[in-house]
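For reference, the chains in residue letters:
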Amino acid sequence: DVKVTQSSRYLVKRTGEKVFLECVQDMDHENMFWYRQDPGLGLRLIYFSYDVKMKEKGDIPEGYSVSREKKERFSLILESASTNQTSMYLCASRGAASTDTQYFGPGTRLTVL
Amino acid sequence: AQSVTQLDSQVPVFEEAPVELRCNYSSSVSVYLFWYVQYPNQGLQLLLKYLSGSTLVKGINGFEAEFNKSQTSFHLRKPSVHISDTAEYFCAVSRTGGTASKLTFGTGTRLQVTL
């Protein structure tokens, strides 16, 4: 059974803190993605990675960075968390082909106080 | 660039009634189309996808969708819904070809099934 896991389901942080969200997939997928999900806005792509150490900006990269040192792990970093980054964060992975199914993790609900 | 419009943010329906969730897309290139479902407190899972061939696509849980190129639509249908179909449904599009292609999602439609 395919699996995308995220390090935390719920996270509460303070403004200005550095925040790490971790995502691990066990399917040997080339592509990994980070989205944020907000009511009425759907899913918006923050960053994605198509290979180890490779990354591309998505639609809303400001305030975020990513790291992919190993194929199975993709980390999202909030360098200095702000209240407007309170959101649900979803990680996903997909094989090499654009026709492949994209699999999602359960999400991390981040609250920044 | 591609975009997706889901006009209905919420769709209330009685159990055993038919339902249609609407999705329209915009793109200057050929696309693949997807429907994902998100049950409460879970991630998204794929319902069905259109890649090529027959325009009527059947998915899991009795759902189907029809690709209409002239109307740039990919509406999702189910002839008889169940309480367990209560969830949020997302339409998504990606351009064909290229290993680094990415999905663009609509804003979602919340399907609320009641007795």
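Just above sits the structure.
Conventions and cut-offs
Residues numbered from 1 in each chain as written. Chains lettered and ligands numbered in written order. Predicted model: local features only at pLDDT ≥ 70, side-chain atom pairs only at ≥ 80, totals over all residues. Heavy atoms only, no water. Buried < 20%, exposed > 50% of the residue type's maximum accessible area, 1.4 Å probe, protein only. Helix = DSSP H or I, 4+ residues; strand = E, 2+ residues; numbered from the N terminus. Pairing = 2+ DSSP bridges. Contact = heavy atoms within 4.5 Å. Buried area = accessible area lost by both parts, 1.4 Å probe. Salt bridge = Lys/Arg side-chain N within 4 Å of Asp/Glu carboxyl O. Nonpolar A, V, L, I, M, F, W, Y, C, P; charged D, E, K, R; others polar.

A word on the pairing of strand E9 (residues 73-78) of chain B. Residue and element names in this part refer to chain B. For E9, the tally of buried residues reaches 5 of 6 residues, placing the bulk of the element in the interior. In terms of strand pairing, strand E3 (residues 19-21) meets E9 through 3 bridges, oriented antiparallel. Note that in E9 the partner of Leu 21 across the bridge is Leu 76. Bridging between strand E8 (residues 64-68) and E9 involves 5 bridges; their strand directions are antiparallel. Residue Asn 68 lies in a different strand from E9, and its bridge partner there is Ser 73. Connecting the antiparallel pair E8 and E9 is a turn made up of 4 residues, with Thr 72 showing a positive phi of about 45°.

Turning to the interface of chain A and chain B, a few remarks are in order. Between chain A and chain B, the residue contacts involve 25 residues of the former and 26 residues of the latter. Contact between chain A and chain B buries roughly 1800 Å² in total, counting both sides, with carbon and sulfur atoms accounting for 52%. Between the two partners, chain A and chain B, sit 0 salt bridges. The set of elements that each furnish at least two residues to the side of chain A that touches chain B consists of strand E4 (31-38), strand E5 (42-51), strand E9 (87-94) and strand E10 (102-104) of chain A. For the side of chain A that touches chain B, the element with the most residues is E5(A), which contributes 5 residues. Among the residues forming the side of chain A that touches chain B, the class breakdown is 12 nonpolar, 9 polar and 4 charged.

Functional significance is not addressed by these values, which are geometric in nature.
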